[in-house]
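# Reading the structure
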Amino acid sequence: MNRSNLYATYQQQAITTMTPGEMLLALYDGALKYLSFAQEAFQQKDNGAVNTYLQKVQRILLYLQSTLDEKYAISANLDALYTYFLEQTAEANIKKDPAYLQEVVKDIGTLRDAFAQADKVAG
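Residues numbered from 1 in each chain as written. Predicted model: local features only at pLDDT ≥ 70, side-chain atom pairs only at ≥ 80, totals over all residues. Heavy atoms only, no water.

This paragraph deals with the packing of helix 2 (residues 20–43) against helix 5 (residues 99–122). Packing of helix 2 against helix 5 leaves a shortest axis separation of 10 Å and a crossing angle of 160°. Relative to helix 5, helix 2 is oriented roughly antiparallel. Where helix 2 crosses over helix 5, the handedness of that crossing is left-handed. On the side of helix 2, the interface is formed by Gly-21, Glu-22, Leu-24, Leu-25, Tyr-28, Asp-29, Ala-31, Leu-32, Leu-35, Ala-38, Gln-39 and Phe-42, while helix 5 contributes Leu-101, Val-104, Val-105, Ile-108, Gly-109, Leu-111, Arg-112, Phe-115, Ala-116 and Asp-119. A breakdown of the residues in the contact of helix 2 with helix 5 according to their chemical character gives 15 nonpolar, 3 polar and 4 charged. (Axes fitted to C-alpha atoms, helices over the stretch in contact; angles between N-to-C directions. Helix = DSSP H or I, 4+ residues; strand = E, 2+ residues; numbered from the N terminus. Parallel < 35°, antiparallel > 145°, perpendicular 65-115°, else oblique. Left-handed = near helix turned anticlockwise from the far one by under 90°. Contact = heavy atoms within 4.5 Å. Nonpolar A, V, L, I, M, F, W, Y, C, P; charged D, E, K, R; others polar.)

As a further point, take the layout of surface pockets. There is about 400 Å³ of room inside the largest pocket. Forming the boundary of the largest pocket are 19 residues, of which Pro-20, Leu-24, Thr-67, Leu-68 and Phe-115 lie nearest the centre. Of all the secondary-structure elements, those providing two or more residues to the lining of the largest pocket are helix 2, helix 3 (47–66), helix 4 (74–95) and helix 5. The biggest single contributor to the lining of the largest pocket is helix 2, with 6 residues. Among the residues forming the lining of the largest pocket, the class breakdown is 14 nonpolar, 3 polar and 2 charged. (1 Å grid on protein atoms, 1.4 Å probe; cavity = no way out; pocket = protein on both sides within 12 Å on 5 of 7 lines; lining within 4 Å. Points joined across faces, edges and corners; volume = space filled by probe spheres on them.)

This is the structure in structure tokens:
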């Protein structure tokens, strides 16, 4: 088995053994990472990379939105936030303006920190 296969196996096992809280944090971390990469690509005027990274962020947001459980009141608020984040990332991509990402980065960071704290308390 070569190194890349070993690493892929390790990654798969790491994902399948995550708690729901760990998975949520990993998704938020991924969104923040790709937003950071998109901001760097904006600075370098690399529109192809901007598009790629923002599409990755949008896939994460769509996944988060699709996993909301409507029986919890907070789900409606999160759904509205995710919709807003999707709109802002789309505008940033279409208009090639990184200013649309500033609030998204701040708010996703706030959500991530709040869920990390809640996961600590619950765990």
